[in-house]
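Observations on chain architecture
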Amino acid sequence: MNCTENLLHENLGICGDNLTFAGYDTVELAKKYGTPLMLLDENKIRNTMRTYKNAMQRYFGEKARPLYASKALSFVGMYQIAMEEGINTDIVSIGELYTAIKAGFPLENAFFHGNCKTDNDISYAIENKIGFFIVDTYDELYAINKIAGEYGVKQKILFRITPGIDPHTHEAISTGKVDSKFGTAIETGQAYEITKTALSLENIDLRGFHCHIGSQIFEIEPFCDAADIMISFIGEIRERLGYTAEYLNLGGGFGVRYVESDPCIDYSENIRRISEHIREYCENNDLPYPIILMEPGRSIVADSGLTVYTVGSVKEITGYKNYVAIDGGMSDNPRYALYGSQYTVLCANKMREKCDYVCTIAGRLCESGDLIQENVKIPKVQRGDNIAVLVTGAYNYSMASNYNRVARPAVVLLGETDRLAVRRESIEDVSRLDILL
Ligand SMILES: *Cc1c(COP(=O)(O)O)cnc(C)c1O
């Protein structure tokens, strides 16, 4: 098969022999900025944010909002883009919060997640007037109540609830997802109890509930199932405690196409279908229709990202396999090493050549498991060729490390012009925290 038939997304193309991304020649960009290089399609990020916002407001109601789950990709420019597109954000640490502050992001639209917020995290967020905490446990609830009291604030919160859904079988199950480090389970009665407690606390303003059932979910049924369980829970709370939740946050998790065999998803259509289901369920069961929030991370940035590397060596082990080693690896993309994630790999400067060379793309780090993908088919490559790994916008740069004291890549935004959004780390950056003994 010829590579030209095999382009996964509409922002990919071919010019001469080279791969283009968002209309830019990736080989030229590699020359200009060096490799490894993280490229981002700014228009696609903005369009996806708009798609979510418009569809949610249209189908769920004017007050519905997407929250960009910024753990997927966090740097100052991302919060500026989210702010300009008028969407809210999730943060999970004061590092992300500080980054949002540097962007000038309005923190009343920020939601603080995480299963182990420290007193310092809570104080810092309240001091900076965070919109909401999404609360996991009693420990956190009491800590927020105490610290909010010290600041003279009645702090808005949502509770993270585990509805007990396995998104990959669609089934509501009694163990498994109830057994999670995140949230409080409905099934054990603990979600009811913690709600009752929250309503009695002086400095806590409980506004509703949250659930997040998983990631890379292609169907809508798991979201509908989760919504049913959550709305029934809201109904139960209303009946037993006389408290009506204002918000229901359905979390993130829409799937993204990484390889040919993954389906394409129409996010707007999915939102429409989920909204119809929820309206029907509320009407049939005489339950209140809440303000819906969603938390897309991966689906906002994944296919807006692409990483370009340079081949450093090709090793053919007779009778075994071929290794193509690149100048990055698990230090900028740990996802194959972590969970065997699938990726599409192309040779960016040989787009018109036959893809008949079977090889494993290996990183440069000192771990045998430092692989980007095994058994891919690309043209025969040599030192100096450029390898493009597609759909790397989410959970790549944000999970990058300095293992082996490798510097992290530059991030370049491709919009009307190409512009640096995060500069490449230097070797001085890598040792900047060290103290000479
Ligand atoms: C990771 C996460 C998200 C984003 O999930 P995606 O699969 O990237 O859309 C949303 N909400 C919570 C609570 C998360 O932990």
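Whatever comes next refers back to the structure up there.
Not measured: the values here are computed from a predicted model.

For helix α3 (residues 76-84), the set of buried residues is Gly77, Met78, Tyr79, Ile81 and Ala82. The inward-facing, buried residues of α3 abut α2 (42-60), β5 (65-69), β6 (88-91), α4 (94-103), α10 (298-301) and β22 (410-414). In the segment just after α3, Gly86 is the residue with positive phi, at about 70°.

The environment of the ligand is made up of 14 residues, and the closest members are Lys71, Ser215, Glu295, Arg298 and Tyr395. The separation between an oxygen atom of the ligand and a polar side-chain atom of Ser215 is 2.3 Å. Between the ligand and the protein, one listed contact pairs a nitrogen atom with a side-chain N or O atom of Glu295 at 2.6 Å. Burial of the ligand by the surrounding chains reaches 92%, relative to a free accessible area of 390 Å². Looking at side-chain class alone, the shell around the ligand contains three nonpolar, seven polar and four charged residues.

Right, let's talk about the sheet that holds strand β2 (residues 18-21) for a bit. Within the open sheet, the three strands sit side by side as β1-β2-β3. Their pairing is antiparallel. Each edge of the sheet is formed by a strand with only one pairing partner; in this case those strands are β1 (12-15) and β3 (24-25). Sheet analysis places β1 next to β2, joined by four bridges and oriented antiparallel. Across the sheet, Ile14 pairs through a bridge with Leu19, a residue of β2.

What follows concerns the packing of α3 against α4. Running from amino to carboxyl end, α3 crosses α4 at an angle of 60°, the nearest separation of the two axes being 8 Å. Between α3 and α4, the interaxial angle falls into the category oblique. When you trace α3 past α4, the crossing you get is right-handed. Contacts between α3 and α4 involve Val76, Tyr79, Gln80 and Met83 from the former and Glu96, Thr99, Ala100, Lys102 and Ala103 from the latter.

The biggest cluster of nonpolar side chains holds 126 residues, and the ones touching the most others in it are Phe133, Phe159 and Phe209. Top contributing element to this core by residue count: helix α8 (residues 221-241), with nine residues. In this structure, this core is formed jointly by two domains, domain 1 (3-41 + 302-430) and domain 2 (113-296), each of which donates at least three residues. Ignoring any residue separated from it by four or fewer positions in sequence, one finds Phe133 in contact with Phe112, Lys117, Ile122, Ala125, Ile126, Ile144, Gln155, Lys156, Ile157 and Leu158. Counting eight residues, the second-largest nonpolar core is a separate cluster that includes Phe132, Ile134, Leu158 and Tyr247.

Reading guide: rules and limits
Residues numbered from 1 in each chain as written. Predicted model: local features only at pLDDT ≥ 70, side-chain atom pairs only at ≥ 80, totals over all residues. Heavy atoms only, no water. Buried < 20%, exposed > 50% of the residue type's maximum accessible area, 1.4 Å probe, protein only. Helix = DSSP H or I, 4+ residues; strand = E, 2+ residues; numbered from the N terminus. Contact = heavy atoms within 4.5 Å. Near = heavy atom within 4 Å. Polar contact = N/O pair within 3.5 Å; in protein donor to acceptor, adjacent residues only side chain to side chain. Areas by Shrake-Rupley, 256 points an atom, 1.4 Å probe, with all protein chains shown as cover. Nonpolar A, V, L, I, M, F, W, Y, C, P; charged D, E, K, R; others polar. Pairing = 2+ DSSP bridges. Axes fitted to C-alpha atoms, helices over the stretch in contact; angles between N-to-C directions. Parallel < 35°, antiparallel > 145°, perpendicular 65-115°, else oblique. Left-handed = near helix turned anticlockwise from the far one by under 90°. Core = buried A, V, L, I, M, F, W, Y, C linked by side-chain atoms within 4.5 Å. Domains from an automatic or database assignment.

The values reported here are purely geometric and, on their own, carry no functional implication.
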